[in-house]
Amino acid sequence: MASLLGLWGVKRLLTAILLMLGSVMLLSQCSREDTDSKVIRIGCFPNVTHVQGLVARNMWRHKSCNGKGWFENEVPGYTEEWYTFNAGPTAMEAIFGKTVDVTYVGPSPALNAYAVSAGREVRVLAGAVNGGAALMVPNGSALSTAADFKGKSIATPQLGNTQDVSCRAWLIRHGLNCPLEGGGDCRVAPTPNAMQLQMMTQGEVDACWTVEPWVTRLEQKAGARVLVNEPDVVTTVLVSRVGWLKHHPQAAQQVTAAHAKLTKWIMEHPEEAQRHVVDELMHLTQSDEKERAELESIVKRAWTRMTLTNTLDIAGLEQFVKDGQSTGLLDRVPPIQNMLYTPEPQASTTAH
């Protein structure tokens, strides 16, 4: 158990705390809109389902594209900076605080930010990843249907994040009452991904609804099995804040095109892309080189559960609206069509 925690337990938790503190520091900085800035500030999470973000961030860190990062190579005249978040609600705080311009994020926090701002602050640029999330139960567990979760507890990454909403909506659809204030038929316990392995192995939670690479880690480290897998569900989208889009319309189109080009490159070069993901995850989690082989195995397995895409799944977003409203985590939402970014007519598109 000590080696388990040494690899993906306590150290990962400390890293998660540091990243959260970093986000708070970002939000404390001046949020003045800099209309002349030629720096694109981009966010992503240390999740395999943020594959485009991890690959691009790694390329930027190593200056792999003609001595530049992917996005600055594809958006002439701009440079890029990267910021890391552990879950969607924190990333959306950074959007509101104008400390990031573009971020990879799950649909539920993006929709919540869109609703809270009455449709004024957030736009979706593109789809990114479907699938890659699952409800995991310990091997040998008697849990097999939603009804079996009465009186049980399920860990999710953060209150209001995509997996948290999916979990609560699934329970409600199957007749279980799990109010946000506690009580009810079962307990949904928002728990950082880095803590879920320890909590499951110690029997502190009965199941985890989480996302890759944590799904595979639970599978390989705790012998957990998948109980609910939703391979077509929207897991990650690319969003931007409206203020940045208004002041940088041509760059916004180029960023969207660069994301599409990157997605295509990853699909055509999966092994090389996985090396970028592994390298960046090791950097973000401050892993030792001896841990590389294990992480490579985890990423390779996680890859099989995801579908990369540029397409925006409108029906999928609308389902998340219904799910969020059913759980009490989402109130009135402006029309989803207005959330989709529409380029300024005068902005030109650079061919690549």
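Residues numbered from 1 in each chain as written. Predicted model: local features only at pLDDT ≥ 70, side-chain atom pairs only at ≥ 80, totals over all residues. Heavy atoms only, no water.

Comments concerning the sheet that holds strand β6 (residues 153-156)
Across the sheet, five strands lie side by side as β7-β6-β8-β5-β9; this open sheet has mixed pairing. A single partner strand is all that each edge strand has here, and the edge strands are β7 (187-190) and β9 (225-229). Across the sheet, the mean angle separating the axes of adjacent strands is 30 degrees when strand polarity is ignored. Where β6 and strand β8 (residues 207-211) come together, two bridges link them in parallel fashion. Across the sheet, Ala155 pairs through a bridge with Cys208, a residue of β8. Strand contacts of helix α9 (residues 214-222): β5 (133-137) and β8, with the helix running at about 135 degrees to β8, the strand carrying the most contacts. (Pairing = 2+ DSSP bridges. Helix = DSSP H or I, 4+ residues; strand = E, 2+ residues; numbered from the N terminus. Axes fitted to C-alpha atoms, helices over the stretch in contact; angles between N-to-C directions. Contact = heavy atoms within 4.5 Å.)

Quick look at the nonpolar core
Ranked by internal contacts, the top residues of the largest apolar core, which has 44 residues, are Val55, Trp70, Phe71, Ile266 and Trp303. For this core, the leading source of residues is helix α11 (residues 249-268), giving seven residues. Counting 29 residues, the second-largest nonpolar core is a separate cluster that includes Ala91, Met92, Tyr114 and Val333. (Core = buried A, V, L, I, M, F, W, Y, C linked by side-chain atoms within 4.5 Å. Buried < 20%, exposed > 50% of the residue type's maximum accessible area, 1.4 Å probe, protein only.)

A few points about empty space enclosed by the protein
Scanning all chains against the criterion turns up four cavities of 30 Å³ or more. Lining the largest cavity we find 17 residues, and of these Phe45, Asn47, His50, Asn161 and Gln163 sit closest to its centre. Sorting the residues of the lining of the largest cavity by element identifies α7 (162-173) and β10 (234-241) as the ones contributing at least two each. Its residues assigned to classes, the lining of the largest cavity comprises five nonpolar, 12 polar and no charged. Counted as a void, the second largest cavity has a volume near 60 Å³. (1 Å grid on protein atoms, 1.4 Å probe; cavity = no way out; pocket = protein on both sides within 12 Å on 5 of 7 lines; lining within 4 Å. Points joined across faces, edges and corners; volume = space filled by probe spheres on them. Nonpolar A, V, L, I, M, F, W, Y, C, P; charged D, E, K, R; others polar.)

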